[in-house]
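A structural walkthrough
What follows is each chain in one-letter form.
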Amino acid sequence: MEIKPFFDPDTWTLTYLVHEEGVGVVIDSVLDFDPASGRTATRSVDEVSRYVEAHGLELPWVLDTHAHADHISAMQVLKERHGAKTVIGDGIQGVQETFKKIFHLGDEFAPDGSQFDILMKGGESLQAGPLVIEALHTPGHTKACLTYKIGDALFVGDVLFQPDYGTARCDFPGGDAETLYDSITKLYRELPGETRLFTCHDYL
């Protein structure tokens, strides 16, 4: 199993491409956004696509660990380019209900997760060739946070940051410090000490 990281310096975000035997999955992709002009660009995800094409990879799934507040997801770009189905935790429905009210999204917006292909629950798994992607429910930063376990690797999103930064904030709607503490404790207690952690951000 190979894990290829892609770092976006504008949002300090790490996107991961995990692959084995010609099949891969992308976790926490980035769609570039310029706040001054309101325009999006695909510079970050273009790098991921170039790697997918150069290695001749099949891409059945593109996953987000949660609904991101600090960057836009490029899941739909990867779906259009590579046929990947989009995956997020089923807690996204609660997040959508909250933000529908905050941003006055109107009746045309359905807060049911239908914008994604797969809504995963903790304990469920997906197959990508020889890779088995297990979903662990790790709320606290948001209601929708999932950690993905692939082999001995954990992709924790914002549940944990690099050691010099600690954990993610808990003041988003639905966030809760005690819940996040319980999620982190679960990861450390239930998984072997040699488990590798891959965070979504590395702030300098």
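The following paragraphs examine the structure supplied in this document.

What counts and how
- Residues numbered from 1 in each chain as written.
- Predicted model: local features only at pLDDT ≥ 70, side-chain atom pairs only at ≥ 80, totals over all residues.
- Heavy atoms only, no water.
- Axes fitted to C-alpha atoms, helices over the stretch in contact; angles between N-to-C directions.
- Helix = DSSP H or I, 4+ residues; strand = E, 2+ residues; numbered from the N terminus.
- Parallel < 35°, antiparallel > 145°, perpendicular 65-115°, else oblique.
- Left-handed = near helix turned anticlockwise from the far one by under 90°.
- Contact = heavy atoms within 4.5 Å.
- Nonpolar A, V, L, I, M, F, W, Y, C, P; charged D, E, K, R; others polar.
- Pairing = 2+ DSSP bridges.

**What about the packing of helix H1 (residues 43–54) against helix H2 (residues 75–82)?**
Put simply, H1 and H2 touch, their axes get as near as 11 Å, and they point 30 degrees apart. Viewed along their axes, H1 and H2 adopt a mutual orientation that is roughly parallel. Here H1 and H2 pass one another in a crossing that is right-handed. Contacts between H1 and H2 involve Val45, Asp46, Val48, Ser49, Val52 and Glu53 on the former and, on the latter, Val77, Leu78, Arg81 and His82. Classifying every residue of the contact of H1 with H2 gives five nonpolar, two polar and three charged.

**Comments concerning the sheet that holds strand E13 (residues 196–199)**
Taking strand neighbours across the sheet as the criterion, the five strands line up as E9-E10-E11-E12-E13 in an open arrangement whose pairing is mixed. Lying at the two open borders of the sheet, with one neighbouring strand each, are strand E9 (125–128) and E13. Between one strand and the next, the sheet's axes are offset by a mean angle of 25 degrees, whatever the strand orientation. Pairing of E9 with strand E10 (residues 131–137), which is carried by four bridges, proceeds in the antiparallel orientation. Pairing of Ser125 across the sheet is with Glu134, part of E10.

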